[in-house]
Structures are given as structure tokens and as C-alpha cells.
Amino acid sequence: MIRPLIGITSDHNAEQKQYLSPHGYAASVERAGGLPVILPYRADLSLIGQYLDRLNGILFSGGNDLDPAAYGESWHPNAVPVDPFRERFERALIAEVERRRLPALGVCLGSQLMNLHRGGAMNQFIPDLKPAGEPIDHRNVNRDWVDRHAVSLLPESLIARTLGKTDIVVNTSHKQSIRTAGRGLRVIATAPDGVIEGIEDPTLPLFMGVQWHPERMSDDADHRRLFELLIEKSSQQSP
Ligand SMILES: [Mn+2]
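A brief structural summary.

### Considering the pattern of salt bridges
In step 1: Under the criterion given, the structure shown has 16 salt bridges.
In step 2: A salt bridge links arginine 86 to glutamate 90, with the nearest nitrogen and oxygen atoms 2.6 Å apart. One end of the pair, arginine 86, and the other, glutamate 90, are both in helix α3 (residues 84–99), four residues apart, so they sit about a helical turn from each other. You'll find arginine 86 and glutamate 90 in the same group, each marked buried.
In step 3: The residue glutamate 96 makes a salt bridge to arginine 99 at a minimum N-O spacing of 2.8 Å. Note that glutamate 96 and arginine 99 are positioned in helix α3 at a spacing of three residues, about one turn of the helix.
In step 4: Among the residues examined, glutamate 96 registers a relative accessible area of 17% and is labelled buried.

Here it is, written out as C-alpha cells:
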């Protein structure tokens with residue numbers, strides 16, 4: 001059986017001179033039944049259509065921060081800008097992915113890209129929010145161990161329906177969160193402190209973004225399911 005071809009957006013090293021892609025993305029796509037390929041972002045934007053002619057689905061991967069000018073703000077002191085070439089490429093890519101109704105899963109930066117593409121806004125630095133109640137270290141600055149927290153899923157969301165439950169545990173390594181969801185997006189996952197952890201457009205075959213990193217825990221069935229959804233939807237898609 002021919003596996004659906006899944007494009008994975010690439011990140012970069014600190015000097016922005018090399019493409020990087022953590023193994024977990026490709027490994028999770030492969031494990032879920034897809035055939036992963038990594039996309040170089042310093043591409044001629046006029047070739048995006050040719051990429052999408054061949055791809056069955058897209059995984060928008062994680063990375064640093066998108067330009068807050070999109071929602072009328074300047075950079076937060078703690079911001080680490082993503083390579084502007086990556087932002088330019090992914091902005092053009094997501095517009096065409098959406099136009100073609102190609103299945104798309106967004107992780108971390110990927111979910112933020114989905115939100116900004118639809119005109120939403122971000123909280124640039126979660127610690128500034130000072131939410132009430134038990135504090136959660138969403139940034140997990142101490143990378144020696146993986147911090148986790150609960151999220152509650154919207155019962156009618158695709159992920160809650162496919163998992164058959166509304167409470168899961170996720171990892172956390174982000175400093176931004178969605179402040180306002182963009183046009184046509186609904187919030188599908190929320191942390192106990194109110195931080196938004198996931199969005200989707202229910203009118204598209206798959207247009208779902210999560211703030212956590214399922215690619216780092218896809219040995220867990222709940223998180224592997226996100227990739228299996230991408231593969232299932234992409235299998236129904238003729239390029
Ligand atoms: Mn979190």
C-alpha cells in the first residue's frame with residue numbers, strides 16, 4: 001500500500017544557516033503510517049504549488065517565535081524570532097494548504113501559525129499572564145525533565161471524539177499561548193490555569209493545532225492518535 005506523503009516544515013540552527021528537524025516529527029509520522037519528507041523553507045515560493053501537488057498532508061512543526069507585528073505588537077524581551085525566511089515560507093504554504101483543504105496538523109509554532117494566519121493574537125510570554133490558581137510552568141525552562149500538565153478537551157472536538165475522552169496529560173515547552181483564536185477556529189484544549197492548548201477549524205478535513213509536543217510522546221497512544229488522524233485524513237486526499 002502506498003503511504004500518504006506528509007511534508008514536515010523544517011526549523012533552523014541558531015545562525016539560521018542549517019535546516020533542522022527533530023527526529024520525533026518524522027518518526028511519529030512514519031509510525032502512524034505516513035511517509036515523511038522534510039521541506040526546505042528557503043525555497044522559491046512559486047514552487048509551493050508543486051510541493052502541494054505531490055503531498056497528501058502537512059505537519060507544521062515547532063520552532064521559535066513568529067513576528068508579533070501580525071497582531072499589532074512589537075517583540076517581547078523574551079522573544080526569540082524564527083528565521084524570517086521560515087516565516088515567509090510557512091505563511092505562503094499555509095495559505096495554499098488551506099485553499100486546497102489539505103489535512104494539516106500544527107505543533108507549537110505550527111499551531112501559532114494557524115492562529116495568526118486566521119488573524120488571531122498571541123500572549124507572547126505566559127508568565128506575564130499571572131493566571132489565578134496553581135501555577136503551571138508551561139515553559140519548562142529546566143529541560144532536564146519533561147514537565148506535564150492536564151488539559152481538558154472540547155467534547156465535540158475531533159481529538160476528543162476520536163479518543164473517546166476529554167481529559168489527557170500533555171508535555172509543555174512553550175512561552176506563548178493563544179490570546180484570541182482567529183477566524184473560524186475554536187478552542188479544543190485548555191490547561192487548568194486557562195491557557196489555551198489547542199485549536200481547530202471543524203469545517204476543514206483536518207486543520208488542528210496543539211501547543212504541546214506530541215512528537216516527543218508518540219509512544220503514548222493518546223499522542224500517537226494526533227499523527228494517526230493526520231495520516232487517516234491524508235489517505236483520503238488525492239494530491
Ligand atoms: Mn502548556
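From this point on, the discussion continues.
### Describing the coordination of the manganese ion
In step 1: Those protein atoms acting as donors to the manganese ion are His138 (ND1), His149 (NE2), Thr172 (OG1), His174 (NE2) and Glu197 (OE), and they sit at 2.2 to 2.3 Å.
In step 2: Read in sequence order, the donor residues coordinating the manganese ion give the pattern H-x10-H-x22-T-x1-H-x22-E. Of this pair, histidine 149 sits in strand β8 (residues 148–153) while threonine 172 sits in the loop between β9 (167–171) and β10 (177–180), and the two are 23 residues apart along the sequence. Judged on exposure class, the residue histidine 149 and its partner threonine 172 are both buried.

### Comments concerning the side chain of arginine 86
In step 1: Using a relative accessible area of 1% as the deciding quantity, one classes arginine 86 as buried.
In step 2: A polar contact is formed between the side chain of arginine 86 and the backbone oxygen of serine 61, at a distance of 3.1 Å.
In step 3: One polar contact links arginine 86 to glutamate 90, side chain to side chain, over a distance of 2.6 Å.
In step 4: When neighbours within four sequence positions are excluded, arginine 86 is seen to be in contact with Thr9, Ser10, Asp11, Tyr41, Ser61, Gly62, Gly63 and Leu109.

### Considering the environment of alanine 181
In step 1: Residue placement: alanine 181 occurs in the loop between β10 and β11 (186–190).
In step 2: For alanine 181, a relative accessible area of 34% puts it in the partly exposed group.
In step 3: The spacing of alanine 181 and glutamate 98 is 83 residues in sequence and 17 Å in space, taken between C-alpha atoms.
In step 4: When residues no more than four places from it in sequence are discounted, the contact partners of alanine 181 are Asn115 and Gly120.

Calculation notes
- Residues numbered from 1 in each chain as written.
- Predicted model: local features only at pLDDT ≥ 70, side-chain atom pairs only at ≥ 80, totals over all residues.
- Heavy atoms only, no water.
- Salt bridge = Lys/Arg side-chain N within 4 Å of Asp/Glu carboxyl O.
- Helix = DSSP H or I, 4+ residues; strand = E, 2+ residues; numbered from the N terminus.
- Buried < 20%, exposed > 50% of the residue type's maximum accessible area, 1.4 Å probe, protein only.
- Donors = N, O, S within 2.8 Å, 3.2 Å for Na, K, Ca; no water.
- Polar contact = N/O pair within 3.5 Å; in protein donor to acceptor, adjacent residues only side chain to side chain.
- Contact = heavy atoms within 4.5 Å.

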